[in-house]
Amino acid sequence: CAASHVEQVQRRLRLETVRVETARQALDLYSSVDSEVLASLLTHKIIKAQVAEGLGEARMLLQDWLVILTSKYNEHLLRRRDPAIDVTFHKFQCMMMIPRLVYGMLRGRLLDPVLVSRDERAFVAHLCDSL
């Protein structure tokens, strides 16, 4: 009687951990923002809010997010005794496109409550969700 030979296939997942230095101050964080990654994360967050809570709530969430970011940004800058309030993030080149991005999202096909049909909005959300 021949011994039966059974082969077993195993799938393994190799994990690699890397230690990354964290920002010590908020200003260090602002200077290292990747605007493309921020745009992608914000788009996904808004799409989820739109599906869960509706179009109006998604628009309000986006507006509130920008207001809170601007206020915290200026709070950290004013600690440095800067007299003017900065709403354009002009001290950090990587963050200058954020207000335009939010404005574009509010006026674009994803969040426009009037000019865009539900089918078109769903199509745009699907395209954006695949980013």
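Calculation notes
Residues numbered from 1 in each chain as written. Predicted model: local features only at pLDDT ≥ 70, side-chain atom pairs only at ≥ 80, totals over all residues. Heavy atoms only, no water. Phe/Tyr/Trp six-rings, centres within 6.5 Å; stacked < 30°, edge-to-face > 60°. Helix = DSSP H or I, 4+ residues; strand = E, 2+ residues; numbered from the N terminus. Buried < 20%, exposed > 50% of the residue type's maximum accessible area, 1.4 Å probe, protein only. Salt bridge = Lys/Arg side-chain N within 4 Å of Asp/Glu carboxyl O.

### Re the packing of aromatic side chains
The description of two aromatic rings rests on the distance between their centres and on the angle between their planes. Enumeration according to the criterion identifies four aromatic pairs in this entry. Measuring from ring centre to ring centre gives 5.1 Å for Tyr30 and Tyr73, while their planes differ by 70 degrees; the resulting arrangement is edge-to-face. With Tyr30 in helix α1 (residues 26-31) and Tyr73 in helix α3 (residues 55-78), the pair connects residues that are 43 residues apart, well separated along the chain. We note that Tyr30, like Tyr73, is buried. Where Tyr73 meets Phe92, the ring centres are 6.0 Å apart and the plane angle is 75 degrees; that geometry is what we call edge-to-face. Residue Tyr73 is located in helix α3, and its partner Phe92 is located in the loop between α3 and α4 (98-107); the two are separated by 19 residues in the primary sequence. Of the residues examined, Phe92 reaches a relative accessible area of 15% and is grouped as buried. An aromatic cluster is built from Tyr30, Tyr73, Phe89 and Phe92, whose rings are joined through pairwise contacts.

### Details of the pattern of salt bridges
Scanning the model with the defined rule gives two salt bridges in all. Across the pair Lys72 and Glu75 runs a salt bridge whose closest N-O atoms are separated by 3.9 Å. Separated by three residues within a single helix, Lys72 and Glu75 lie in helix α3, roughly one turn from each other. Overall, Lys72 belongs to the partly exposed group, its relative accessible area being 42%. By relative accessible area, Glu75 is classed as partly exposed at 36%.

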